[in-house]
Amino acid sequence: MIRLLLPALLLLAAAPAAAEDGRAVFEARCASCHAVVAGAPPGAGPNLAGVVGRRVGGDPGFGYSPVLEAAHEAGRVWDAALLERFLADPEEMFPGLWMGSNGLRTADERAAVAAFLRTAW
Ligand code: HEC
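Residues numbered from 1 in each chain as written. Predicted model: local features only at pLDDT ≥ 70, side-chain atom pairs only at ≥ 80, totals over all residues. Heavy atoms only, no water.

S.K.: Help me understand the environment of Glu-91, please; the structure alone is not making it clear to me.
M.R.: Turning to its location among the elements, Glu-91 is positioned in helix α4 (residues 90-93). Judged by relative accessible area, which is 41%, Glu-91 ranks as partly exposed. With 12 residues separating them in the primary sequence, Glu-91 and Gly-103 have C-alpha atoms 9.0 Å apart. Contacts of Glu-91, omitting those with residues within four sequence positions, involve Gly-96 and Leu-97. (Helix = DSSP H or I, 4+ residues; strand = E, 2+ residues; numbered from the N terminus. Buried < 20%, exposed > 50% of the residue type's maximum accessible area, 1.4 Å probe, protein only. Contact = heavy atoms within 4.5 Å.)

S.K.: Please clarify how the coordination of the iron atom of the ligand should be interpreted in this entry.
M.R.: Ideal donor angles around a metal are set by the shape: a four-donor tetrahedron calls for 109.5 degrees, a six-donor octahedron for 90 or 180 degrees. For the iron atom of the ligand, every protein donor is listed as His-34 (NE2) and Met-99 (SD), and the spread of their distances is 1.9 to 2.2 Å. Geometry at the iron atom of the ligand is octahedral, judged from its 6 donor atoms and the angles of 84 to 179° they form at the metal. On the criterion of sequence distance, the pair formed by His-34 in the loop between α1 (2-29) and α2 (66-73) and Met-99 in the loop between α4 and α5 (107-119) is long-range, its members being 65 residues apart. Exposure remark for His-34: the relative accessible area of 13% places this residue in the buried category. Accessibility expressed as a relative area gives 24% for Met-99, which makes it partly exposed. (Donors = N, O, S within 2.8 Å, 3.2 Å for Na, K, Ca; no water. Tetrahedral: all angles 85-135°; square planar, octahedral: opposite > 155°, others 65-115°.)

S.K.: Looking at this model, I keep getting lost on the packing of aromatic side chains. Mind explaining?
M.R.: Geometry of an aromatic ring pair is reported as the spacing of the ring centres plus the angle between the planes. By the definition in use, this model includes 5 aromatic pairs. Here the aromatic rings of Trp-78 and Phe-86 are separated by 5.0 Å at their centres, their planes lie at 65°, and the arrangement is edge-to-face. Each member of the pair Trp-78 and Phe-86 is classed as buried. Here the aromatic rings of Trp-78 and Phe-94 are separated by 6.2 Å at their centres, their planes lie at 75°, and the arrangement is edge-to-face. Here the residue Trp-78 occupies a position in the loop between α2 and α3 (80-88), and Phe-94 occupies one in the loop between α4 and α5, the gap between them amounting to 16 residues. An identical accessibility class is assigned to Trp-78 and Phe-94; each is buried. Linked through ring pairs, Trp-78, Phe-86 and Phe-94 together constitute an aromatic cluster. (Phe/Tyr/Trp six-rings, centres within 6.5 Å; stacked < 30°, edge-to-face > 60°.)

Functional significance is not addressed by these values, which are geometric in nature.
Below, the structure written as structure tokens:
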């Protein structure tokens, strides 16, 4: 029984830790352009509160580039996996993107930021 429970408990403990790491990375690398509080006005970039599960280009207060408008029209939705791929090379996923950031170099950082954004409402 313990052998079954232990991995489950470790998983539960690891999830908030990743989100906390992600918060620190977000503050350092993303927060200058992105708010993560619901209802806050967009900055240089769209508000990312609730972005996981939201349509791409889904901040109604932000004027997106044509490439993100097109993804919005196509009905694409952000989930953690899509975010992690996006952050590996934002321009590759959306050529012509207006985001003045190269994303995040390490898979750990990308996973942590995606975990953090899942908790940001
Ligand atoms: C220099 C400002 C800037 C920085 C730094 C920045 N972004 Fe962005 N971000 C933008 C802009 C501007 C857009 C909208 C781009 C467009 O319309 O093409 C955007 C778009 C996005 C989107 C799509 C949002 C949506 O509503 O579909 C996500 C997700 C995102 N950024 C995440 C991040 C993360 C995570 C970081 C930190 C690793 C980051 N950004 C760093 C400016 C920035």
